[in-house]
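Structural description and commentary
Next come the chains, spelled out residue by residue.
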Amino acid sequence: MKHEGKPAFSYPVRVGHISANPVSVHLSANDAERRALAELWKVNEVRSLVADLQIGRWKKDGVKIKGEVRAELVQTCVVTLEPVIAGISEPIEAIFVPEGSRLARQADNDGGEMILDPGGPDIPDTFTGDTIDVGVAVSEHVALAIDPYPRKDGAVFGERIESSAADDKRPNPFAALKDLKKD
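Structural notes, computed from the coordinates. (Residues numbered from 1 in each chain as written. Predicted model: local features only at pLDDT ≥ 70, side-chain atom pairs only at ≥ 80, totals over all residues. Heavy atoms only, no water.)

Pairing is mixed in the open sheet, where five strands are placed in the order β2-β3-β4-β5-β6. What marks the edges here is a single partner per strand, and that holds for β2 (23-28) and β6 (125-127). Strand-to-strand, the axes of this sheet are offset by a mean angle of 25°, without reference to chain direction. Of the strand pairs in this sheet, strand β5 (residues 83-98) and β6 are connected by three bridges, and their pairing is parallel. Opposite V97, over in β6, you have T126 as the bridge partner. The strands that helix α1 (residues 31-41) touches are β2, β3 (45-58) and β4 (62-76); relative to β3, the one it contacts most, it runs at about 95°. Those strands touched by helix α2 (residues 134-145) are β2, β3, β4 and β5, and its axis lies near 135° from that of β5. (Pairing = 2+ DSSP bridges. Helix = DSSP H or I, 4+ residues; strand = E, 2+ residues; numbered from the N terminus. Axes fitted to C-alpha atoms, helices over the stretch in contact; angles between N-to-C directions. Contact = heavy atoms within 4.5 Å.)

Written out as structure tokens, the structure reads:
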């Protein structure tokens, strides 16, 4: 995971301190983090961001994060432009392996094409050094769950106004000259 600058929501975990037995972790964003996330996600407000996670070892040197993330956001309705409160509750499951690990490599066939199974598990994310940022993984999962076109309950678009061929016909700029020629 590579990031420019300081992430909006951060919870660094040292990989060396993670045991084979998963540890329960409860994360909650503070006011400054919620403001930074609102700016990052381009929403009006982030009222809450909470995650309940299990963090444990995966295989020999990987880390597995599993749990649930919940958020409450205020967005602008695309129809009425009024504020809309959106609740997000998403499961999270992510695996991290050290950069260069054979577990992070994508399977390919003899022709060099990558083999992807859309219904299968994601390939593990990689990390450098001895720390992963669980907060960034949580914020990424919430960001993917945000409705890009929020609507207030009951808000509908009005009837479409279609133009006719007569409406689209442009007037002839020489029509006024035609009347002058008759005189």
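Right, let's talk about the nonpolar core for a bit. W41, L49, L53, I55, I132, V134 and V138 are the most contacted members of the largest nonpolar core, which totals 33 residues. Contributing elements (two or more residues each) for this core: β2, α1, β3, β4, β5 and α2. Look past the residues within four positions of I55 in its chain and what remains in contact with it is V13, I18, N21, P22, V23, V25, V63, K64, I65 and V134. (Core = buried A, V, L, I, M, F, W, Y, C linked by side-chain atoms within 4.5 Å. Buried < 20%, exposed > 50% of the residue type's maximum accessible area, 1.4 Å probe, protein only.)

That is the geometry; function is a separate question.
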